[in-house]
Every structure is written in structure tokens, then in C-alpha cells.
Amino acid sequence: QVQRTPIDYTLRFPRITMAILKSGKVVIVLAGRHAGKKAIVVKSYDENATSEKFRFGHCLIAGIDKPARKVTKSMSKAKIEKRSKMKPFIKYINVRHIMPTRYTVDMELKKVVSGSGEELSVSESKIEVKKTLKKIFEDRYLNQNSNVTSEKKAAGSNYFFQRLRF
């Protein structure tokens, strides 16, 4: 008989450390309804979470479900504003189902989402959070160059609003 050595799956599927997933990090959703969409980490929770529902490492993410449409210089301001509408989403997601990128964004999303899980489970409050997220994302999209705090954050903002090509 041939003896087989056990396979170390941690080498093939490395875990994402929670130190990488800080708030403001741009991530790409890999699984689920929003797969292939970009999102921003609002808050991250480690594996030792006290919640009964989430006993694994997870994050609260806010992202763009429907991005803004293409805009050209020849369009009027009204048309640009109309084409700059976007639809946000907010979701708790397993750490294994997101891929962090090298970009970070300096949007204050923690204030919009107070972080309590009970608040997002109620549909009316989730709708209100989405409305405020929509305003924040659209304002930032229209004023990308004026709200620059650093070059790194500006690059992250530009990357976040670009459509993912694959």
C-alpha cells in the first residue's frame, strides 16, 4: 500500500487576515448576488464574534449595485447628473467571499451605519441607510477631484467608481 501524506489546505486556500480588512478598504465581492461588484468595508468582525448568527470572520460592506453610466464632456450638467445615479447595497458577508484590493477610500460610512446588526435587519432602517449611502456615493462620484485628501485615497476613489472589467 502507498501511504499518502495529508494535504495542507491552508497553503492552497490562504486565509485573509482581519488586519487587512480595515474600514475604508476597497474589496471585490466573489460570491453571492453581488459577485463581481466593488464594495467598501464599513466594519470588520473577527472569528470570535459573540453573535449567534455570525460565528465566523465577517465584514459589513457597502458597495455599488448599479454603477453610474458613461459621461462625456459634451453632455449638459442636467444630463450628467441624471447619468450619475447609482444604486448602493449594504450587506454582512463572510471574509472568504471577498477579495481585498490595494486601494483604500476615505468615505465616512461608519456614521451612516451605526454598526448595530439589529438596525440593518429592520427593512425600513435599511432603506434609509441605502438612501444616505446613495447620496454619499453620488456626491463623491461627481466631486472626485475636489475632495482629495491624499493621492492614495484619490486613487482608491477613482478605482472604486470605475466599472470592473473581466
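Quick note: structure is the one above.
The sections below set out a description of the structure shown in this document. The structure displayed is predicted, hence computed values, not measured ones.

### Thoughts on the overall build of the protein
- A count of helices and strands for the protein gives 5 helices and 5 strands.
- Across the protein, helices and strands are ordered from the amino to the carboxyl terminus as α-β-β-β-α-β-β-α-α-α.
- A total of 166 residues make up the protein; the buried ones form 35% of that total.
- Taking as baseline every contact in the protein between residues at least 6 positions apart, the subset at least 24 positions apart corresponds to 67%.

### Considerations on the nonpolar core
- With 26 residues, the main nonpolar core has Met107, Leu109, Val113, Leu133, Phe137, Phe160 and Phe161 as its most contacted residues.
- Within the residue set of this core, elements represented by two or more residues are strand E1 (25-29), strand E2 (38-45), strand E3 (58-66), strand E4 (87-94), helix H4 (123-142) and helix H5 (151-161).
- The biggest single contributor to this core is H4, with 4 residues.
- Excluding residues that lie within four positions of it along the chain, Leu133 makes contacts with Ala62, Pro88, Phe89, Ile90, Leu109 and Val112.

### Observations regarding the sheet that holds E1
- Read from one edge of the open sheet, 5 strands run E4-E3-E2-E1-E5, paired in antiparallel fashion. Here the strands that pair on one side only, and so sit at the sheet edges, are E4 and strand E5 (98-104). For this sheet, the mean inter-axis angle between neighbouring strands, taken without regard to orientation, is 35°.
- Relative to E3, E2 runs antiparallel, the two being bridged by 6 bridges.

### Some thoughts on the environment of Lys43
- Within the element layout of this structure, Lys43 appears in strand E2.
- On a C-alpha basis, the gap between Lys43 and Ser23 in space is 5.4 Å, while along the polypeptide they are 20 residues apart.
- For Lys43, the contacting residues outside a window of four places in its chain are Cys59 and Leu60.

### A short note on the packing of aromatic side chains
- Taken as a whole, this structure holds 4 aromatic pairs when the rule is applied.
- Ring plane angle 20° and centroid distance 4.3 Å describe the contact between Tyr103 and Tyr159, whose orientation is recorded as stacked. Residue Tyr103 is located in strand E5, and its partner Tyr159 is located in helix H5; the two are separated by 56 residues in the primary sequence. Per residue, the accessibility class of Tyr103 equals that of Tyr159, and both read buried.

### Concerning the pairing of E1
- Counting buried residues along E1, 5 of its 5 residues qualify, which places the element largely inside the surrounding structure.
- Covered by surrounding structure in E1 are Lys25, Val27 and Val29 together with Val26 and Ile28, the residues of both alternating faces.
- Pairing between E1 and E5: 4 bridges, direction antiparallel. Across the sheet, the residue bridging to Val27 is Pro100, located in E5.

### Some points on the pairing of E2
- Taken across its 8 residues, E2 has 6 buried, putting it largely inside the fold.
- Bridge analysis of E1 against E2 gives 3 bridges, and the strand direction is antiparallel. Across the sheet, residue Ile28 finds its bridge partner in E2, namely Lys38.

Thresholds, definitions, all that
- Residues numbered from 1 in each chain as written.
- Predicted model: local features only at pLDDT ≥ 70, side-chain atom pairs only at ≥ 80, totals over all residues.
- Heavy atoms only, no water.
- Helix = DSSP H or I, 4+ residues; strand = E, 2+ residues; numbered from the N terminus.
- Buried < 20%, exposed > 50% of the residue type's maximum accessible area, 1.4 Å probe, protein only.
- Contact = heavy atoms within 4.5 Å.
- Core = buried A, V, L, I, M, F, W, Y, C linked by side-chain atoms within 4.5 Å.
- Pairing = 2+ DSSP bridges.
- Axes fitted to C-alpha atoms, helices over the stretch in contact; angles between N-to-C directions.
- Phe/Tyr/Trp six-rings, centres within 6.5 Å; stacked < 30°, edge-to-face > 60°.

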